[in-house]
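Notes for the structure review
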Amino acid sequence: MTLLKIPFKIIAVPIALAVTVVQWVRIFLTSFAGAIFYIFSGLCFLIAVLSYLMGISTGAEAVRMLVIGFVSFALPFVAGWVIGIIAAMKESLWDFIKS
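Our subject in this report is the structure included herewith. Residue positions are given per chain, counted from 1 along the sequence in the order it is written. Two thresholds apply to this predicted model, a pLDDT of at least 70 for residue-level local features and 80 or more for giving and counting side-chain atom pairs, whereas whole-chain, interface and lining totals are computed over all residues. Hydrogens and waters are ignored; side-chain quantities use all the structure's heavy atoms.

Structural notes on the pattern of salt bridges
Going by this rule: The working definition used for a salt bridge is a side-chain nitrogen of Lys or Arg within 4 Å of a carboxyl oxygen of Asp or Glu. Buried, partly exposed and exposed residues are distinguished by accessible area as a fraction of the type maximum, computed with a 1.4 Å probe on protein chains only: under 20%, between the cut-offs, and over 50%, respectively.
Using the criterion set out here, one finds one salt bridge in the structure. Glu91 is the salt-bridge partner of Lys90, the closest N and O atoms lying 3.8 Å from each other. Here Lys90 falls in the buried class, since its relative accessible area comes to 13%.

Below, the structure is given as structure tokens:
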């Protein structure tokens, strides 16, 4: 049985290395984009609250801006979830190679 696994393990090594590089790139891009999205969502929140309090916008417009701010705040968390899936796939590949 181990003789049958050896060719698959040899094929799995470059795939595992490629998945590792993809994970690192996604982590970098998610961290960078997360900072931008957090600033954007904070600005949306402040603009929505202040424009409603000053009477510049109606309640519906303020709620729309708050939803946009919340969605832009949640996007980095979704990207982090995808990175977690990539990390789990990488770990299972390395476990297969080590077995």
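A closer look at the side chain of Lys9
Worth spelling out the cut-off: Each helix is a run of DSSP H or I of at least 4 residues and each strand a run of E of at least 2, with the numbering of both proceeding from the N terminus. Here Asp and Glu are counted as negative and Lys and Arg as positive; His is not counted, and neither are the chain ends. The criterion used for residue contact is that any of the two residues' heavy atoms lie within 4.5 Å.
By the secondary structure assignment, Lys9 is in helix H1 (residues 2–53). In this structure Lys9 is buried but unpaired, with Asp95 as the nearest side chain of opposite charge at 11 Å. Residues in contact with Lys9, not counting those within four places in the same chain, are Phe96, Ile97 and Ser99.

Looking at the packing of aromatic side chains
Convention followed: Two rings from Phe, Tyr or Trp (for Trp, the six-membered ring) form a pair when their centres sit within 6.5 Å of each other. Planes less than 30 degrees apart are called stacked, planes more than 60 degrees apart edge-to-face, and all others tilted.
This model, assessed by the stated rule, comprises three aromatic pairs. Aromatic pair Tyr38 and Phe73: ring centres 5.4 Å apart, planes at 45°, arrangement tilted. Of the two residues, Tyr38 sits in helix H1 while Phe73 sits in helix H2 (residues 59–98), which places them 35 residues apart along the sequence. For Tyr38, a relative accessible area of 36% puts it in the partly exposed group. Their ring planes at 45° and their centres at 6.4 Å tell us that Tyr38 and Phe77 sit as a pair that is tilted. In this pair, Tyr38 is assigned in helix H1 and Phe77 in helix H2, connecting sequence segments 39 residues apart. Put simply, the rings of Tyr38, Phe73 and Phe77 pair up and form one aromatic cluster.

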